[in-house]
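# Reading the structure
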Amino acid sequence: MNQSLTLPCWHCGLPAPQGAFPARTPDGNRDACCPGCAAAIETIYGLGLDDYYQIRQDRAPTPDNQRAELDLALFDIAELLSPHCSPLANGERLHLQLSGLTCAACSWLIEKAVADQPDVQRVSVNLAGMTLTVDYVGQARARDTARRIQQLGYGVSLPGDPAAAAKHRKDHKRLLGRLILAGLGAMQAMMYSMALYIGVFDGSDAVYEWVFRLASFVVATPVVFYAGWPFFLGAWRGIRQRHLTMDTPIALALFLAWGGSLVAMFAGGSHVYFDSAAMFVFFLLVSRWLEHRQRQAIHASYSRLADTLPRAVRRLRGDEPEWVSLRQVNAGDRLLLVQGDVVPVDGRIHHGDGVFDDSALTGESRPVSRPKGSALSAGARLQEGSVTLEALCRPSESQVARIAEQVELAQQERLDVVRDWQRIAPLFTAGVLLLAAATLAWHWPAGPGEAFDHMLAVLVITCPCALALAVPLTLSATLGTALREGVLVASPRQLLRVDRLGGVLFDKTGTLTQGSYTLVETRKPGDRDLDELLAIASALEWNNPHPLARPFRDIPRHPGLREIRPDNRGISGFMQDRQWRICGAPEQARPGTTCLQLCCDDKVELYLWLEDSVREESAGVLEALRRRGLTVRMATGDNAAAAQPVAVALKIDDWRAGLRPDDKTLWLRELQQETEQMMVGDGINDAQAMLCAGVSVATANATSLAQHAAGVYLLRDSLGALPALPDLARRCHRTIRQNLTWALLYNILAVPFAVVGWIPPWAAALGMSASSLLVTLNATRVTRWKSSCY
């Protein structure tokens with residue numbers, strides 16, 4: 001009876017029926033047990049890595065195609081993807097969560113691999129938050145991108161996925177376990193090696209000396225190949241992509257230290273370095289663990305706002321509340337909030353009043369009472385009372401969502417020094433390998449063992465970990481510290497320019513003043529009814545975000561106005577074929593007031609005088625800026641009669657009134673020709689000038705356009721943080737300089753000593769690890785900074 005011949009699978013070694021799943025290779029077909037193994041065989045041969053099958057010690061693991069396909073299927077579900085996709089002018093932006101990244105080289109590897117996909121316009125990896133942002137031309141191709149990342153050996157999931165959070169916790173526990181194993185192993189290996197170093201055994205005790213070396217080998221091997229596995233894995237990933245990473249010299253040094261010691265042990269050599277390899281792994285993992293903790297802490301501080309928002313809310317249908325998902329809330333919906341609830345979306349109190357805690361958003365711990373008509377931001381908590389909230393936007397468009405988006409953009413922004421390092425890092429690593437080879441050749445006449453020791457010391461001591469960590473960790477710590485102090489930094493470049501400023505240009509209304517106008521007087525030249533005229537003015541100003549429009553929101557709107565639209569002369573609308581317009585009347589302004597006029601077919605029907613008050617902190621803030629050597633100026637679109645009292649009260653000598661957005665921009669450009677300027681504003685008419693300023697700051701009450709134009713955003717409704725920004729920028733600059741100076745100085749001083757053979761491998765491991773630890777700990781010092789009162 002004939003039986004089909006069953007051979008082992010070429011890839012994993014399991015039984016493979018002959019000819020069932022053939023894998024095509026340059027050497028002919030290879031039998032595989034399943035389609036997954038067949039694909040793996042063809043991929044490895046296709047990459048030119050077929051020597052793998054000659055040198056491997058164990059069979060490769062069977063690919064879990066079912067698990068991978070199940071994970072990838074999640075990226076095909078539109079309902080799950082939609083919260084993580086945002087529209088662009090010509091496509092979509094996709095946000096994904098990553099896992100398994102260990103250093104900047106991992107970020108580079110993923111960015112390059114994903115950028116090779118069709119229709120990918122831009123790729124950016126945020127190492128601190130382990131997130132990936134991809135801009136596509138056309139529709140996002142999430143599944144293809146996720147598959148590409150999986151093929152590199154990294155984990156990928158949707159942000160907020162519970163599985164991803166569990167994966168991060170698991171990774172953290174695994175890293176901690178590796179660290180503990182390395183620490184215990186390093187101490188034990190050092191204990192055995194100490195007896196060898198001090199010469200306890202003489203020639204007659206050779207058997208005991210060999211036993212102690214064997215004990216060091218047994219203890220150090222799991223430390224090198226389990227605790228140190230992340231470094232071997234990082235090096236292998238880089239080599240597969242033909243890129244030299246920071247892990248390459250580390251992995252090479254570990255393998256050579258372990259392998260060379262093994263050879264010396266059996267060949268009767270005089271030196272073994274199992275203890276040095278174990279200690280090297282331990283100190284590297286200590287540095288990596290501290291870096292991981294800081295990244296996670298910073299990421300947690302950024303995501304804490306969004307995590308406080310409820311998943312379900314009470315939406316009113318008539319007078320009856322119904323529970324709905326937060327994603328179902330739209331602008332105009334009325335939501336019921338009771339004591340203890342968190343405001344789920346930006347809105348306005350439609351009914352009732354309450355006491356709110358804004359500390360999650362602003363850091364201000366003092367509760368604030370909010371009456372009917374007050375604006376609320378998502379993330380505030382209702383401590384007392386019950387209110388009906390009218391949603392002003394969708395949850396994805398709220399201030400919390402904008403903060404998350406701006407934080408993501410801030411972490412993606414590459415400073416010049418970071419880009420330069422990412423460009424030269426492969427050259428640096430290649431130079432290290434060449435220097436190690438040259439050291440080996442130079443000391444070879446003295447003996448292979450001694451030459452090997454000196455080469456190993458060079459490989460260890462030149463590891464560029466400290467250089468790679470110097471800037472990113474400091475920037476992440478600075479952004480987190482600023483957020484804690486109520487300042488959102490959307491552009492790190494702009495923050496680092498603050499200490500080089502020569503002046504500050506302030507908008508007036510809503511920036512230096514409260515922006516809370518009150519209607520103090522009206523006058524109508526004709527005989528029309530005043531209430532009807534006020535209702536028409538209210539209808540025209542109802543959707544206007546300018547502070548001047550706020551007093552009209554308490555006045556009932558006239559229902560008859562149609563085709564309401566703004567233009568460069570004001571806001572106009574039509575009613576019964578007649579055009580109504582509300583605009584400024586600067587010639588009618590009185591000292592300290594702003595005058596508006598309501599016209600019907602260009603005939604004035606009503607004059608309105610409104611009054612604003614200066615912020616309590618404005619005088620102190622401006623004086624503090626002057627003490628720091630900054631020239632303070634004011635630019636306003638308001639009339640001179642309203643602007644002059646503010647300029648006098650705040651001692652501003654250089655100010656201009658009646659400026660249009662183009663005029664503000666032109667003045668700012670003239671000032672910037674002399675020295676760098678900061679623009680502080682809150683309105684749509686400030687956005688153009690903010691875009692051309694060296695540093696642009698939006699206040700907490702700023703319009704959406706002004707917020708997007710700003711590089712720095714004040715979360716608290718106060719200017720008090722402005723004088724502290726130069727101090728924070730100086731601290732960040734100083735810490736970056738310290739880290740870079742130390743990292744470069746360490747390499748410049750230590751490398752020559754290692755090349756000439758004056759530093760043993762164990763001392764090189766200690767020095768390199770201490771350098772990385774010092775950079776990491778110095779970066780965390782920024783988090784202890786606190787802003788002082790002006």
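Coordinates for the structure precede this section.
A few points on the structure. Going along each chain's sequence as written, the residues are numbered from 1 onward. Owing to the predicted nature of the model, reporting of local features is limited to residues with pLDDT of at least 70; listing and counting of side-chain atom pairs is limited to 80 or more, with chain, interface and lining totals taken over all residues. Neither water nor hydrogens contribute to the side-chain values; these are computed over all heavy atoms in the structure.

## Some details on the overall build of the protein
A helix here means a DSSP run of H or I that spans at least four residues, while a strand means a run of E at least two residues long, and both kinds are numbered starting from the N terminus. The secondary structure content of the protein amounts to 26 helices and 29 strands. Burial classification: accessible surface area is computed with a 1.4 Å probe over protein chains only, and a residue below 20% of its type maximum counts as buried, one above 50% as exposed, and the rest as partly exposed. Across the 790 residues in the protein, those meeting the buried criterion constitute 50%. Contacts: residue pairs with any heavy atoms within 4.5 Å of one another. Counting contacts in the protein only where the partners sit at least 6 residues apart, residues at least 24 apart contribute 65% of the total. All accessible-area figures derive from a Shrake-Rupley calculation using a 1.4 Å probe, and residue coverage is judged against the displayed protein chains alone. Of the roughly 36600 Å² that the protein leaves accessible, carbon and sulfur atoms contribute 56%.

## Focus: the packing of helix 15 (residues 448–461) against helix 26 (residues 761–780)
It is at 8 Å that the axes of helix 15 and helix 26 come closest, and there the two elements cross at 5°. Between helix 15 and helix 26, the angle is such that the two are roughly parallel. On the side of helix 15, the interface is formed by Asp453, Leu456, Ala457, Val460 and Ile461, while helix 26 contributes Pro761, Ala764, Ala765 and Met768. Geometry is summarised by axes, namely lines fitted to C-alpha atoms with helices restricted to the contacting stretch, and by angles between N-to-C directions that run from 0 to 180 degrees. Roughly parallel covers angles under 35 degrees, roughly antiparallel covers those over 145, roughly perpendicular covers 65 to 115, and oblique covers all other angles.

## A word on the pattern of salt bridges
The term salt bridge refers to a pairing of a side-chain nitrogen on Lys or Arg with a carboxyl oxygen on Asp or Glu at a separation within 4 Å. In this structure the tally under the stated criterion is 20 salt bridges. In this structure, Glu605 and Arg528 form a salt bridge, with 3.7 Å as the shortest nitrogen-oxygen distance. Residue Glu605 is found in strand 24 (residues 603–611), and its partner Arg528 is found in the loop between strand 19 (518–523) and helix 19 (530–541); the two are separated by 77 residues along the sequence. The residue Arg628 makes a salt bridge to Asp727 at a minimum N-O spacing of 3.3 Å. Here Arg628, found in the loop between helix 20 (618–627) and strand 25 (631–635), pairs with Asp727, found in helix 25 (residues 725–756); they are 99 residues apart in sequence, far enough to count as distant. Relative accessible area serves as the criterion here: at 33%, Arg628 is assigned to the partly exposed category. Look at Asp727 and you get partly exposed, because its relative accessible area is 24%.

## Details of the packing of aromatic side chains
Each Phe, Tyr or Trp ring (for Trp, its six-membered ring) is paired with any other whose centre lies within 6.5 Å, and the angle between the two planes then decides the class: stacked below 30 degrees, edge-to-face above 60, tilted in between. One pass over the full model with this rule turns up seven aromatic pairs. Judged by centre distance (4.8 Å) and plane angle (90°), the ring pair of Phe225 and Trp258 falls under edge-to-face. Of the two residues, Phe225 sits in helix 8 (residues 206–227) while Trp258 sits in helix 10 (residues 247–267), which places them 33 residues apart along the sequence. On the accessibility criterion, Phe225 (31% relative accessible area) is partly exposed. One aromatic cluster is present, built from ring pairs that chain together Phe217, Phe225, Phe232, Trp258 and Phe274. The rule is short: NZ of Lys or CZ of Arg within 6 Å of the ring centre and within 35 degrees of the ring normal puts a charge over the ring. Here the guanidinium or amino end of Arg557 rests over the ring plane of Trp542, the centre of that ring lying 4.0 Å away.

## Considering a nonpolar patch on the surface
A cluster of nonpolar side chains, Val207, Tyr208, Trp210, Val211, Leu214, Val218 and Phe266, forms an exposed patch at the surface whose accessible area comes to about 690 Å². Sort the elements by how many residues they give to the nonpolar patch and helix 8 lands first, with six residues. Patch rule: a residue counts if its relative accessible area is over 30% and it has no salt bridge; like charges are joined within 9 Å, and nonpolar side chains (Val, Leu, Ile, Met, Phe, Trp, Tyr) within 5 Å.

## Remarks on the sheet that holds strand 25
The strand order across the open sheet formed by seven strands is 17-29-28-27-18-25-26, and the pairing between neighbours is mixed. Edge positions in the open sheet fall to strand 17 (487–489) and strand 26 (654–656), since each of these has one partner strand only. Taking the axes of each pair of neighbouring strands and ignoring which way they run, one obtains an average angle of 20° across the sheet. Any two strands with at least two DSSP bridges between them are considered paired. Of the pairings in the sheet, the one linking strand 18 (residues 503–507) to strand 25 comprises five bridges and is parallel in character. Among the inter-strand pairings, Asp507 is bridged to a residue of strand 25, identified as Ala635. Packed on one face of the sheet, helix 21 (residues 640–649) meets strand 25 and strand 26 and runs near 160° to strand 26.

## Structural notes on the nonpolar core
Formed by 52 residues in total, the largest nonpolar core has its most connected members in Ile250, Leu254, Phe280, Val281, Leu285 and Ile461. For this core, the element with the highest residue contribution is helix 11 (residues 274–308), accounting for eleven residues. Of all hydrophobic cores here, the second largest spans 35 residues; its members include Leu495, Val680, Val695 and Leu714. Joining through side-chain atoms within 4.5 Å is the link that ties buried Ala, Val, Leu, Ile, Met, Phe, Trp, Tyr and Cys residues into a set, and such a set is a nonpolar core.

## Quick look at the state of the cysteines
Put simply, a disulfide is two cysteine sulfurs that come within 2.5 Å. In this structure the tally under the stated criterion is zero disulfides. The cysteine Cys600 is free of any disulfide, with Cys599 supplying the nearest cysteine sulfur at 8.9 Å. Of the residues examined, Cys600 reaches a relative accessible area of 2% and is grouped as buried.

## A word on the packing of helix 9 (residues 229–240) against helix 10
Geometrically, a packed helix pair is captured by the angle between its two axes and the distance between the axes. Between helix 9 and helix 10, whose axes approach to 8 Å, the crossing angle comes to 125°. Here helix 9 is positioned oblique relative to helix 10, judged by the angle of their axes. Here the hand of the crossing between helix 9 and helix 10 comes out left-handed. Contacts between helix 9 and helix 10 involve Pro230, Phe231, Phe232, Gly234 and Ala235 from the former and Asp247, Thr248, Ile250, Ala251, Leu254 and Phe255 from the latter. The residue makeup of the contact of helix 9 with helix 10, split by class, is eight nonpolar, two polar and one charged. Put simply, a crossing is left-handed when the front helix is turned counterclockwise from the back one by less than a right angle, and right-handed when it is turned clockwise. Under this grouping Gly is polar, as are all residues other than the nonpolar Ala, Val, Leu, Ile, Met, Phe, Trp, Tyr, Cys and Pro and the charged Asp, Glu, Lys and Arg.

## Description of helix 26
A helix is expected to span 1.5 Å for every residue after the first. Given a rise of 1.5 Å per residue, 20 residues ought to cover 28 Å, and the 29 Å separating the end C-alpha atoms of helix 26 matches this to within 8%. Listing the buried residues of helix 26 in full gives Pro761, Ala764, Ala765, Met768, Ser769, Ser771, Ser772, Leu773, Val775, Thr776, Asn778 and Ala779.

## Looking at the side chain of Thr511
Note on placement: Thr511 falls in helix 18 (residues 508–512). At 3.4 Å, the side chain of Thr511 and the side chain of Asp507 are in polar contact. Any N or O atom pair separated by 3.5 Å or less is treated as a polar contact, with the protein-specific requirement of one donor-capable and one acceptor-capable atom, and with residues adjacent in sequence counted only for side-chain atom pairs. Within the structure, the side chain of Thr511 is placed 3.4 Å from the side chain of Asp682, a separation counted as a polar contact. If sequence neighbours within four positions are ignored, Thr511 has contacts with Phe506, Arg615, Val680, Gly681, Asp682, Thr699 and Leu719.

## Focus on unusual backbone geometry
Not every positive phi belongs to a glycine, and Asp577 is a case in point at roughly 65°. Residue classification places Asp577 among the exposed positions, given a relative accessible area of 80%. In this structure, Asp602 takes a positive phi of about 65° despite not being glycine. Along the chain, the position of Asp602 falls in the loop between strand 23 (593–600) and strand 24.

## Digging into the sheet that holds strand 22 (residues 578–584)
The strand order across the open sheet formed by six strands is 19-24-23-22-21-20, and the pairing between neighbours is antiparallel. Strand pairing shows two members of the sheet lacking a second neighbour, strand 19 and strand 20 (562–567), which therefore form its edges. Averaged over all pairs of adjacent strands, the angle between their axes in this sheet comes to 20°, without regard to strand direction.

## Side note on the pairing of strand 18
Along strand 18, five of the five residues are buried, which leaves the element largely enclosed by surrounding structure. On strand 18, burial covers both faces: Gly503, Leu505 and Asp507 on one face and Val504 and Phe506 on the other are all buried.

## Notes on the environment of Gly620
Mapping Gly620 onto the fold places it in helix 20. By relative accessible area, Gly620 is classed as partly exposed at 23%. With 103 residues separating them along the chain, Gly620 and Pro723 place their C-alpha atoms 9.6 Å apart.

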